[in-house]
Amino acid sequence: MFNTLKPAPPDPILGLTEAWREDPNPQKVNLGVGVYKDDGGRTPVLEAVKAAEAALLAAETTKTYLPIAGDPDFRRRVQAFVFEGPAETAGPRAVTLQTPGGTGALRVGAEFVRFAAPDARVWLSAPTWPNHAGVFSAAGMEASAYPWYDAAAHRLDTAEMLAALRAVPAGDVVVLHACCHNPSGADPAPEQWLEIAAAAADAGWLPFLDAAYLGFARGLVQDRAATEAFAAAGVPFLQATSFSKNLALYGERVGALTFVGPDEGTAATALSQLQRIVRVLYSNPPIHGAAVAARVLGDRLLRARWEEELTAMRERIHAVRGELVDGLAARGVPGDFSFLRTQQGMFSFSGLSDEAVARLRTEKAIYIVKGGRINVAGLTRGNLDYVCDSIAEVLGAPG
Ligand code: LMR
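What comes next concerns the included structure. (Residues numbered from 1 in each chain as written. Predicted model: local features only at pLDDT ≥ 70, side-chain atom pairs only at ≥ 80, totals over all residues. Heavy atoms only, no water.)

Looking now at the site of the ligand. If you check the shell around the ligand, you find Ile13, Val33, Gly34, Trp129, Asn182, Tyr213, Lys245, Phe347 and Arg373 and nothing else. Within the side chain of Tyr213, a nitrogen or oxygen atom sits 3.4 Å from an oxygen atom of the ligand. The contact in question runs from an oxygen atom of the ligand to an N or O atom on the side chain of Lys245, over 3.2 Å. With the chains in place, 83% of the 260 Å² that the ligand exposes on its own is no longer accessible. Here the shell around the ligand spans two domains, and each of domain 1 (14-44 + 303-394) and domain 2 (65-298) adds at least three residues to it. (Near = heavy atom within 4 Å. Polar contact = N/O pair within 3.5 Å; in protein donor to acceptor, adjacent residues only side chain to side chain. Areas by Shrake-Rupley, 256 points an atom, 1.4 Å probe, with all protein chains shown as cover. Domains from an automatic or database assignment.)

Here's what the structure looks like:
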C-alpha cells in the first residue's frame, strides 16, 4: 500500500529551521522563520502574557471543551480589537471564530469560500508567503497571481498591482497582507488601501486579509488601515488575525477568522457553516492561548503593558534595519541597501540572489529563505557583525 510513497520536500520556511537546529556550527544564524528575537537572541514570553497566565492558572476550574467557534470572551474581544476605531461600522455585520493560529484561520476561510462559491479562484500577490498557495490548494481552490513588488526598484508596484486588481473577476477571492507584507516588507499607504478597497467594490471580488503582523509596521492603530478601508467600502470581506507574533504566542496557536458579510443575517448564516467546517477539521480549538489573549485584550493594565512590549519589538526591528544598512555600507558591499530601512515588519527582501543565499548557508551557516527574504528580527548584537562580514565576503566587497 505504501510502496510508491515519495518523501515530501522540506517546508521552505519551517524546514530551514529544522536544518538550522541540526547545524553544528556555533556561529549559525537563523534569518529564516518569522520569529522575533530580542537583542540577546531570545524569544521571550511577554510580561503581559506571563501576568495573564498567572491569573488564569489561579482561577482555572476546568479543561472541558470550548464551543466549536471558540472561547466566547476571546471571540468578542478579538472582534472589538479588529474593528476598534473607524472600522467599527463593520462590526454588526461580522462574526469572529477562534482558530488555531492565523494559518488555521486561512484554511477555515478557504474551506468556507470553496463551499459557498465552488468556482471562485484565489489571487495571491507575487511574491507571497509560500504557505498561502498550499493552504488554498488544500481547500481545492485554484490560484492566480497579481503583481505586488518591483524587485528592481525595491518597492511596491502600485500601478501594476492596482491595474491587476481592477481586472479580477467578480466572485473571486484576493488575499492581501494587512501590513508587513510577507516576504517583501512593502506595504500600501493608507490612501492606496482606499484605492484597493474601491477596486474590490467596483469589480466585486472578495478581499481576504491576512493580518499576521498587526503592530509591527507603524503601530496597532495605523496597521488597521486595510481593515478600515474595506469596512468603509461596505464590501464583504474575510480577515485572518494572528496573535503568534504580536503577543509572541507562537506555539500556543492563537488566531481568529472574521467574516464580514453584506448584512447581519448573512453573517449569522455564515457562522453556522463555519462551525460545520471547524467540526470536521479539528472539532473545537485549544483553550489556553486564547484565554491568555482575551485576558490581555480585556484588561486595561495588561493591554497597556502589552502595547509597550509590542512597541519595543517594533522599534528594535526598525533600529536593526538601520544597523544592517550601515554595516553593509561600512564594509563596501556593492549596491545600495538603503531600501531595507523603509520596508515594514520582520521581513526584508534583501535582493540577495539564490546563489548568495546558498553560499551563506553552506559556507557561513546563515539560513535565509530562498528568494532572499531575511527575518530582520533575527539580527542581534551577537550576530550582526558576523552577518555583515559574511554578506560582504559572499558579494565580493573589497576586503
Ligand atoms: C514566516 O513566514 O516565517 C512565518 O509566518 C512562520 C511560518 O509559519 O511560515
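What follows continues from the structure just given.
In this section: the packing of aromatic side chains. Per the stated rule, a full pass over the model turns up twelve aromatic pairs. Taking 5.8 Å as the distance between ring centres and 85° as the angle between the ring planes, the aromatic pair formed by Phe136 and Phe208 counts as edge-to-face. Here Phe208 lies in strand β8 (residues 206-211) and Phe136 lies in helix α5 (residues 130-138), a separation of 72 residues in the sequence. Overall, the relative accessible area of 0% leaves Phe208 in the buried class. Aromatic rings pair up to connect Phe74, Phe81, Phe243 and Trp306 into one cluster. (Phe/Tyr/Trp six-rings, centres within 6.5 Å; stacked < 30°, edge-to-face > 60°. Helix = DSSP H or I, 4+ residues; strand = E, 2+ residues; numbered from the N terminus. Buried < 20%, exposed > 50% of the residue type's maximum accessible area, 1.4 Å probe, protein only.)

A few words on the packing of helix α4 (residues 101-116) against helix α9 (residues 264-281). Contact geometry of α4 with α9 gives a least axis separation of 10 Å together with a crossing angle of 120°. When the axis of α4 is compared with that of α9, the two are oblique. The two elements α4 and α9 meet at a crossing, and its hand is right-handed. Residue-level contacts link Arg107, Val108, Glu111, Phe112 and Phe115 of α4 to Ala270, Gln273, Leu274, Arg276, Ile277, Val278 and Leu281 of α9. In the contact of α4 with α9, the residues fall into eight nonpolar, one polar and three charged. (Axes fitted to C-alpha atoms, helices over the stretch in contact; angles between N-to-C directions. Parallel < 35°, antiparallel > 145°, perpendicular 65-115°, else oblique. Left-handed = near helix turned anticlockwise from the far one by under 90°. Contact = heavy atoms within 4.5 Å. Nonpolar A, V, L, I, M, F, W, Y, C, P; charged D, E, K, R; others polar.)

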